[in-house]
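# Notes for the structure review
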Amino acid sequence: MKYKILEALYEANDYISDESLGNMFEVSKNIICKEITELKQEGYNINLVENKGYILREMTDILNSFEIKYGLETKNFGKDIYFYDELNSTNDKMCILAKNGAKEGTVVIAQTQSAGKGRRGHIWKSPKNTGIYMSILMYPNISPRQAPKITLIAGLCVCKAIRKITGIKAVIKWPNDLLINGRKVCGILTEMNAGMEKVNFIVLGIGINVNTNSFPKEIENIATSLKIEGNKNYIRKTIIQEFLKEFEEYYYKYIEDTDFKKFVKEYKNFCSTIGQKVNVISNNSFSGLAVDVTDDGELVVEKENGDREIVFSGEVSVRSASYE
Ligand code: BTN
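Within any chain, residue numbers begin from 1 and follow the written order of that chain's sequence. Given that this is a predicted model, residues contribute local features only at a pLDDT of at least 70 and side-chain atom pairs are listed and counted only at 80 or more, while totals for whole chains, interfaces and linings are drawn from all residues. Side-chain numbers here rest on the full set of heavy atoms in the structure, without hydrogens or water.

Along its length, the protein chain carries 9 helices and 14 strands. Against the globule reference of 20 Å for 324 residues, the protein chain gives a C-alpha radius of gyration of 22 Å, in line with a compact fold. Once the C-alpha set of the protein chain is aligned to its principal axes, its extents read approximately 80 × 40 × 35 Å. Each residue's exposure class comes from its accessible area (1.4 Å probe, protein chains only) as a fraction of the maximum for that residue type: buried when under 20%, exposed when over 50%, partly exposed otherwise. In the protein chain, which comprises 324 residues, the share counted as buried stands at 49%. We call two residues contacting when some pair of their heavy atoms lies within 4.5 Å. Taking as baseline every contact in the protein chain between residues at least 6 positions apart, the subset at least 24 positions apart corresponds to 62%. For the area figures, the Shrake-Rupley method with a 1.4 Å probe applies, and any residue is considered shielded solely by the protein chains shown. Of the roughly 15,900 Å² that the protein chain leaves accessible, carbon and sulfur atoms contribute 46%. The average position of the 43 basic charges and that of the 43 acidic charges among the side chains of the protein chain differ by 2 Å. By definition, any uninterrupted DSSP run of H or I lasting at least four residues is a helix, any uninterrupted run of E lasting at least two residues is a strand, and each is numbered from the N terminus. We take the radius of gyration over the C-alpha atoms and set the globule estimate at 2.2 Å times the residue count to the 0.38 power. Counting rule applied: Lys, Arg positive; Asp, Glu negative; His and chain ends not counted. Charge positions are represented by NZ for Lys, CZ for Arg, CG for Asp and CD for Glu.

Dropping the structure here:
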């Protein structure tokens, strides 16, 4: 009921009397008053003005399922949302939901994670109410080899969403970290359940530092947030909505024929790794100059002797040589 009232206030964009709200939902003014009190406790800035009624003031950074769904322009993605104040990891929760038959496009979001997972066993710090910690479920009919490209495409879509909503020129560090001024603002962890030939499901986990004011000493030189870079608070739901809209379109385009070529030009435009010296860390570590990204999304690295190596995402860690 309270979110129906909230929706009415959003739609009206003006004062509504308690009487009108009561008539709308066929309840007493007392019930309206009680529900509005609850909305205020959640942080909504609702004022009551004598002889006029209730009005919802400016948009604040309140995140819940209603906020994400309201104004969401997608067909499937984000239609089912599981929202939590706290989880160990949104990816872990999504894996359980997937095994219980959750639909494609289901989204899990938490205000904080007690054991947020990064790649290669790292921890993803997830301070409460300031970041986006979200996982999306997909059942693509593709082979496991094609799956890493979904992560590349997701990185591209987060990059586009951040640019569109904040105006900040985030860039992609191949394969799918997002940086602003050389510091990481977003990381993506994809987990896959697959047989030899076929993917069963993919959980795409995205962490974005949005309104974080500062980071612990050990990561302050490598991490940043949209707030630190843009000097203001951002509304997390608008970034989530923009990302889901963009990513849904790109994902369905990709799984039509699993051809990354149609995205590569746009990907390369945003990719700051091209033209940088990199250290490729794997069983066979080496250094060189990143010169290109192939139509398959692989990084082309030119060694000092002129030999070119193709680096596959998912297999290696690429560090900007200046960090070493
Ligand atoms: C990385 O860059 O190392 C990947 C970080 C991925 C973090 C996100 S936050 C939401 C989802 N749940 C997790 O436990 N991890 C991912």
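Still to come is the rest of the account.
The next subject is the packing of aromatic side chains. Each Phe, Tyr or Trp ring, with Trp reduced to its six-membered ring, pairs with another whose centre is within 6.5 Å; inter-plane angles below 30 degrees give stacked pairs, above 60 give edge-to-face pairs, and intermediate values give tilted ones. For the coordinates displayed, the defined rule picks out 13 aromatic pairs. Relative to Phe66, the ring of Tyr10 has its centre 6.3 Å away and its plane inclined at 25°; by these criteria the two rings are stacked. Of this pair, Tyr10 sits in helix H1 (residues 2–12) while Phe66 sits in helix H4 (residues 65–69), and the two are 56 residues apart along the sequence. Joined through ring pairs, the aromatic side chains of Phe77, Phe243, Phe247, Tyr251 and Tyr252 make up one cluster. One residue, Lys303, lies across the ring of Phe286, its end atom 5.1 Å from the ring centre. In this scheme, the term charge over a ring applies when either NZ of a lysine or CZ of an arginine sits within 6 Å of the ring centre and within 35 degrees of the ring normal.

A few words now on the sheet that holds strand S5 (residues 131–138). Being paired, for any two strands, means DSSP has found at least two bridges between them. Within the open sheet, the 7 strands sit side by side as S3-S4-S5-S9-S8-S7-S6. Their pairing is mixed. Of all the strands in the sheet, the pair left with one neighbour each is strand S3 (81–87) and strand S6 (171–173). Across the sheet, the axes of successive neighbouring strands diverge by a mean angle of 20°, strand direction being ignored. Pairing analysis gives 3 bridges linking strand S7 (residues 177–180) to strand S8 (residues 183–194), with the strands arranged antiparallel. Within S8, the residue paired with Ile180 across the bridge is Arg183. Packing of helix H8 (residues 236–257) onto the sheet brings it into contact with strand S4 (107–113), S5 and strand S9 (199–209), and relative to S5 it is tilted by some 25°. The angle between two axes is taken between their N-to-C directions and runs from 0 to 180 degrees, where each axis is a line fitted to C-alpha atoms and a helix contributes only its stretch in contact.

Those residues of helix H9 (residues 261–270) that sit buried are Phe263, Val264, Tyr267 and Phe270. Here the buried residues of H9 occupy an arc of 125° about the axis, which is enough to place them on one side. In this structure, H9 carries Lys261, Lys265 and Asn269 as exposed residues pointing more than 90 degrees from its buried face. Think of it as the arc spanned by the lines of direction from the helix axis to the C-beta atoms.

A few words now on the site of the ligand. For this description, a residue counts as near a given molecule or strand if any of its non-hydrogen atoms is within 4 Å of it. Near the ligand, the surroundings consist of 19 residues, among which Ser89, Gln113, Lys117, Arg119 and Lys184 are the closest. Two N or O atoms form a polar contact when they lie within 3.5 Å of each other; inside protein one atom must be a possible hydrogen donor and the other a possible acceptor, and for residues adjacent in sequence the pair counts only when both atoms belong to side chains. Taking Gln113, its side chain carries an N or O atom lying 3.0 Å from a nitrogen atom of the ligand. Between the ligand and Lys184 there is a distance of 2.6 Å, counted from an oxygen atom to a side-chain nitrogen or oxygen. Isolated, the ligand exposes 410 Å² of accessible area, and the fraction of that covered by the protein chains is 98%. Every element with two or more residues in the shell around the ligand is listed here: helix H5 (90–99), S5, S8 and S9. Any residue outside Ala, Val, Leu, Ile, Met, Phe, Trp, Tyr, Cys, Pro, Asp, Glu, Lys and Arg is labelled polar, Gly included; the first ten of those are nonpolar and the last four are charged. Across the shell around the ligand, the residue classes break down as 6 nonpolar, 9 polar and 4 charged.

Attention now goes to the packing of H1 against helix H3 (residues 29–41). Between H1 and H3, whose axes approach to 9 Å, the crossing angle comes to 85°. Judged by the inter-axis angle, H1 sits roughly perpendicular to H3. Only Ile32, Glu35, Ile36, Glu38 and Leu39 of H3 make contact with H1, whose side of the interface consists of Lys2, Tyr3, Ile5, Leu6 and Leu9. For classification, angles of less than 35 degrees are called roughly parallel, those exceeding 145 degrees roughly antiparallel, those between 65 and 115 degrees roughly perpendicular, and all remaining angles oblique.

Turning next to the pattern of salt bridges. Within this document, salt bridges are pairs made up of a side-chain nitrogen of Lys or Arg and a carboxyl oxygen of Asp or Glu, the two lying within 4 Å of each other. Across all of its chains, the model carries 23 salt bridges by this definition. When the shortest N-O distance is used, the salt bridge between Lys164 and Glu242 registers 3.7 Å. Placement of the pair is Lys164 in helix H6 (residues 148–166) and Glu242 in helix H8, with a sequence separation of 78 residues. Judged by relative accessible area, which is 10%, Glu242 ranks as buried. Residues joined by salt bridges that share partners form a network here, namely Glu73, Lys164, Glu242 and Lys245.

Before going further, it helps to spend a moment on the packing of H6 against H8. Between H6 and H8, the least distance of the axes is 8 Å, while the angle of their chain directions is 145°. Along this stretch, H6 crosses H8, giving a crossing that reads as right-handed. Contacts between H6 and H8 involve Lys149, Ile150, Ile153, Ala154, Leu156, Cys157, Val158, Lys160, Ala161, Lys164 and Ile165 from the former and Thr238, Ile239, Glu242, Phe243, Lys245, Glu246, Phe247, Tyr250, Tyr251 and Tyr254 from the latter. Per-class residue counts for the contact of H6 with H8 are 14 nonpolar, 1 polar and 6 charged. Two helices crossing with the near one rotated counterclockwise from the far one by less than a right angle form a left-handed crossing, whereas a clockwise rotation gives a right-handed crossing.

These figures capture arrangement, not role.
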